[in-house]
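The primary structure of each chain is shown beneath.
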Amino acid sequence: MLRLIHTADWHLGQSFHGQERHEEHRAFLAWLLDTLVERDADALLVAGDIFDVVNPSLRAQELLFDFIVGAHERLPTLDIVLIAGNHDSGNRIELPAPLMQRLRTHARGRVRWLDDGRLDAERLLVPLTDAAGETRAWCLALPFLRPAEVTGQMSRDDEAGDGEEAPNDYVAGINRVHSELIGAARERRGNGQALVAMSHAHLHGAAVSEASERPIVIGGEESISAALFPDDIAYVALGHLHRSQQVGDERIRYSGSPLPLDFSELNYAHQVVEATLDGERLTGVESLPVPRPVAMHRLGPAPLDAVLAELEALEALELDADLPRERWPWLELRVELEAPMPDLRARVDAALEGKPLRLLRLERRLPQVAAEHAPERVDLETLGPRRLFERTWQGRWGEPPDDDILADFDRLRQDVLDAGEEDSA
């Protein structure tokens, strides 16, 4: 038997509307460590987006390394496997890998290619052992695949002239990486050993969050097929989408984020997943709810008087004035107005006086203007760069950008993100 705990999308160091969340992340990691001990776990799989940005703060990195050291002290035989997500720097994730390996922690941030053009699959295969030190499974630790890592290799193969014209696109590159890695894993496994895949990607048919996930959209393709994971893979531990869910059958799962990363996620069932393997088979999956260290409240949309009434009811029912300030709930208010109200913030602040709440966002909702040429209100925080580009193009040329234009924009944006990662490494 082998017991795995699957989690993802920690986003350590996240700035939540300008506010730090170190205490929340510290509380989650303390709970996770206790859970690993309580469940007598053999392995912890962290499926990407460990940090929120490619250049995380020292405090965010300290959270990760303190957790790894604490896990090794309390569970000396625990295997930890980390992969980079699209928010992470692959180079940064791998930088302390030799030191972390002494703590039975395996960090994989990038794929590499051998001189003969084959995938360096061996470094992506991590043995998972039981308490007696016997290898019971092989983990296919596949970090987020950046286009330069897969399309560039296909271009070189095509230029080498192997007799076939290989398509130079992102999806074909992803398919090739999966195929070669799974083939290598099948050759490496012994009798009775399971295959466990880790990936940070958007699968077809999976449900996305309202506002908080950075799209993985390269070359016009946003998602990949679950068919990339054949039936002989016992469990697939996915990261990137913050809503916990299975895709297709029970063995292919997103753990979801352990904490809400946006007010749109406050009603999600935040969890980690325990998967139990017996030989080559998955024999059990259990969701372990994550306690929320800091409450989140989203009031409205409603007129101001109704929102303030909701606030009073909230205080009467749920607020604890004895909590330390770093544990005060986060608050978003959505107020519907019939006309601009210059003193809105002052009235809200007066209503919050003395209440153990931290107001993060005050959204004003004005009625729609009927005039034909009235300027449209744009919330840049939730719009995102791709939608902003589409709206700008529509306004300039009178028609939406076609798929080729959007593909060029996606590639350019990813180049900018990758350049930022290289600068931070």
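Structure shown above.
Owing to the predicted nature of the structure, the values given are computational and were not obtained by experimental measurement.

Mind laying out the sheet that holds strand β7 (residues 125-129), listing which residues take part and the relevant values?
Pairing within the open sheet is mixed, and its 6 strands lie in the order β7-β8-β9-β10-β12-β11. Because the sheet does not close on itself, it has two edges, and the strands there are β7 and β11 (245-246). The pairing of strand β9 (residues 194-200) with strand β10 (residues 235-239) spans 5 bridges and is parallel. Opposite A197, over in β10, you have V236 as the bridge partner. Contacts from helix α6 (residues 170-188) reach β7, β8 (135-142) and β9, with the element oriented near 165 degrees to β8.

Lay out the packing of aromatic side chains with the relevant residues and their values.
Where two aromatic rings form a pair, the distance of their centres and the angle of their planes describe that pair. Applying the stated criterion to the full structure yields 7 aromatic pairs. When the centroid spacing of 4.5 Å and the interplanar angle of 10 degrees are considered together, the rings of F389 and F409 count as stacked. With F389 in helix α10 (residues 385-397) and F409 in helix α11 (residues 403-424), the pair connects residues that are 20 residues apart, well separated along the chain. Assessed through its relative accessible area of 16%, F409 is described here as buried. Within the aromatic cluster, the residues linked to one another by ring pairs are W10, F28, W31 and F67. Its end group placed over the ring of F16, R21 keeps NZ or CZ at 4.4 Å from the ring centre. The lysine or arginine in question, R358, covers the ring of W330, its NZ or CZ lying 3.7 Å from the ring centre.

Kindly report on the pairing of β8, identifying the contributing residues and their values.
Most of β8 is tucked away, with 6 of its 8 residues classed as buried. As paired elements, β7 and β8 share 5 bridges and run antiparallel to each other. Its bridge partner lying in β8, L125 is registered against L140. Hairpin connection of β7 to β8: 5 residues between the antiparallel strands, including G133 at a positive phi of 90 degrees. Across 6 bridges, β8 lies against β9 in parallel orientation. Looking at β9, one finds that L142 is bridged to S199.

Describe the packing of helix α7 (residues 304-317) against helix α8 (residues 344-352), listing the residues and the values that go with them.
Running from N to C, α7 and α8 point in directions that differ by 20 degrees, and their axes come no closer than 11 Å. With respect to α8, the element α7 is oriented roughly parallel. Remark: the crossing between α7 and α8 carries right-handed chirality. Counted together, L304, D305, L308, L311 and E312 of α7 and L344, R347, V348, A351 and L352 of α8 form the full contact between these two elements. Taken together, the residues of the contact of α7 with α8 break down into 7 nonpolar, no polar and 3 charged.

Explain a negative patch on the surface to me, using residue names and the numbers behind them.
Among the surface-exposed residues, E399, D402, D403 and D404 lie close enough to one another that they form a single negatively charged patch. In this fold, D403 is placed in helix α11. The exposed category is assigned to D403, whose relative accessible area is 63%.

Describe in detail the nonpolar core, supporting the description with residues and values.
Judged by nonpolar contacts, the single largest core of 34 residues is most densely connected at L119, L140, L145, L181, L203 and F229. Sorting the residues of this core by element identifies β8, α6, β9, β10 and β12 (252-254) as the ones contributing at least two each. Sorting elements by how many residues they give to this core places α6 first, with 7 residues. Excluding anything up to four places from it in sequence, L203 contacts S223, I224, A226, F229, L238, V247, I252 and Y254. If you look at the next biggest cluster of nonpolar residues, it comprises 31 residues, including L12, L32, L33 and A84.

Let's hear about α8: which residues, and what values?
Among the residues making up α8, those that are buried are L344, V348, A351 and L352. Buried residues in α8, looked at end-on, bunch into an arc of 95 degrees, giving them a common side. Residues of α8 that are exposed and point over 90 degrees away from its buried face: A346 and A350. At its buried positions, α8 is contacted by α7, β16 (330-336) and β17 (358-365). Two residues or fewer past α8, G354 is found with a positive phi of approximately 80 degrees.

Basis of the calculations
- By convention here, each chain's residues receive numbers from 1 onward along its written sequence.
- Local features in this predicted model are restricted to residues of pLDDT 70 or higher, and side-chain atom pairs are both shown and tallied only at a pLDDT of 80 or more, whereas totals for entire chains, interfaces and linings draw on every residue.
- Computation of side-chain values: all heavy atoms of the structure, hydrogens and water removed.
- Strands are labelled as partners when DSSP assigns at least two bridges between them.
- Runs of H or I in DSSP of at least four residues are treated as helices and runs of E of at least two as strands, each being numbered from the N terminus.
- By definition in these notes, contact holds between two residues if any of their heavy atoms fall within 4.5 Å.
- The axes are straight lines fitted to the C-alpha atoms, using for helices just the contacting stretch, and the angles between their N-to-C directions are given from 0 to 180°.
- Planes of paired rings set the category: under 30 degrees apart is stacked, over 60 is edge-to-face and the rest tilted, where pairs are Phe, Tyr or Trp rings (Trp by its six-membered ring) whose centres lie within 6.5 Å.
- Exposure classes here rest on a 1.4 Å probe applied to the protein chains alone. A residue is buried below 20% of its type maximum, exposed above 50%, and partly exposed in between.
- We count a charge as sitting over a ring when the NZ of a lysine or the CZ of an arginine lies within 6 Å of the ring centre and within 35 degrees of the ring normal.
- Geometric relationships in this document are graded by angle, where less than 35 degrees denotes roughly parallel, more than 145 denotes roughly antiparallel, 65 to 115 denotes roughly perpendicular, and other angles denote oblique.
- Should the near helix be turned counterclockwise from the far one by less than a right angle, the crossing is left-handed, whereas a clockwise turn marks it as right-handed.
- Under this grouping Gly is polar, as are all residues other than the nonpolar Ala, Val, Leu, Ile, Met, Phe, Trp, Tyr, Cys and Pro and the charged Asp, Glu, Lys and Arg.
- What goes into a patch is any residue over 30% in relative accessible area without a salt bridge, connected to like charges within 9 Å or, for nonpolar side chains (Val, Leu, Ile, Met, Phe, Trp, Tyr), within 5 Å.
- Where accessible areas are quoted, they stem from the Shrake-Rupley method and a 1.4 Å probe; at the residue level, only the protein chains shown are allowed to cover.
- By definition, a salt bridge exists where a carboxyl oxygen of Asp or Glu is found within 4 Å of a side-chain nitrogen of Lys or Arg.
- Note that His is not counted, nor are the chain ends; the positive residues are Lys and Arg, and the negative ones are Asp and Glu.
- For this purpose, a charge sits on NZ of Lys, CZ of Arg, CG of Asp or CD of Glu.
- Each nonpolar core is a collection of buried residues, namely Ala, Val, Leu, Ile, Met, Phe, Trp, Tyr and Cys, held together in the definition by side-chain atoms within 4.5 Å.
- Of all possible arcs, the one meant is that of the directions from the helix axis to the C-beta atoms.

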